[in-house]
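For reference, the chains in residue letters:
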Amino acid sequence: MFDVNSPKSEPIYLDGHRRLVRCVRFSPRGDRIVTCGDDGTRLWSRNGEHLLSYHEPGPAVNSAAFSALGDRLIESRFDGTARVLLTDPEELLQRAQQRVAFRALTESELEAYGELLRR
């Protein structure tokens, strides 16, 4: 990724996927980027900082898009399923902490929760 208004700017690489990337989209405000592919969905800042990863066992993610407000993502998979994902790390952390008392977290929630704790 690079700034088309500054042809001499250095490209920004979104390095994190280890398998095929199928979709890349900007948020409505242009401050974040979502990528998705065969190894899940990832959320980035527009500067290329990795913010969150969403991984669930199952088929590859073939598409992802932001909600109009940019506070949610929706991803679709090759098996015909879709799911809505939170994009705010603080909200994700709060919900994960609330769910601990009621049920086991999913693999995706555990990974996202662990990323937040490492910051």
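Going by the structure above, here's the rest.
Described below are features of the structure shown in this document. Computed from a predicted structure; not experimentally measured.

### So, the pairing of strand β1 (residues 21-26)
On a regular strand, each side chain points to the face opposite its neighbour's, so the side chains alternate between the two faces of the sheet.
Here's step 1: In the sheet, β1 pairs with strand β2 (residues 32-37) via five bridges, with the strands oriented antiparallel. Bridge pairing in β2 links Arg 25 to Val 34.
Here's step 2: Here β1 hands over to β2 after five residues, with Gly 30 in that stretch at a positive phi of 80 degrees.

### Looking at the pairing of strand β3 (residues 40-45)
Here's step 1: For β3, a buried count of six out of six residues is recorded, marking the element as mostly surrounded by other parts of the structure.
Here's step 2: The alternating pattern of β3 places Gly 40, Arg 42 and Trp 44 and Thr 41, Leu 43 and Ser 45 on opposite faces, both of which are buried.
Here's step 3: Here β2 runs beside β3; their pairing, made up of six bridges, is antiparallel. Within β3, the position partnered with Gly 37 by the bridge is Gly 40.
Here's step 4: Hairpin connection, β2 to β3: the antiparallel pair is bridged by two residues.
Here's step 5: As defined by bridge partners, β3 adjoins strand β4 (residues 50-54) across four bridges and the pair is classed as antiparallel. If you follow Trp 44 over to β4, its bridge partner there is His 50.

What counts and how
Residues numbered from 1 in each chain as written. Predicted model: local features only at pLDDT ≥ 70, side-chain atom pairs only at ≥ 80, totals over all residues. Heavy atoms only, no water. Pairing = 2+ DSSP bridges. Helix = DSSP H or I, 4+ residues; strand = E, 2+ residues; numbered from the N terminus. Buried < 20%, exposed > 50% of the residue type's maximum accessible area, 1.4 Å probe, protein only.

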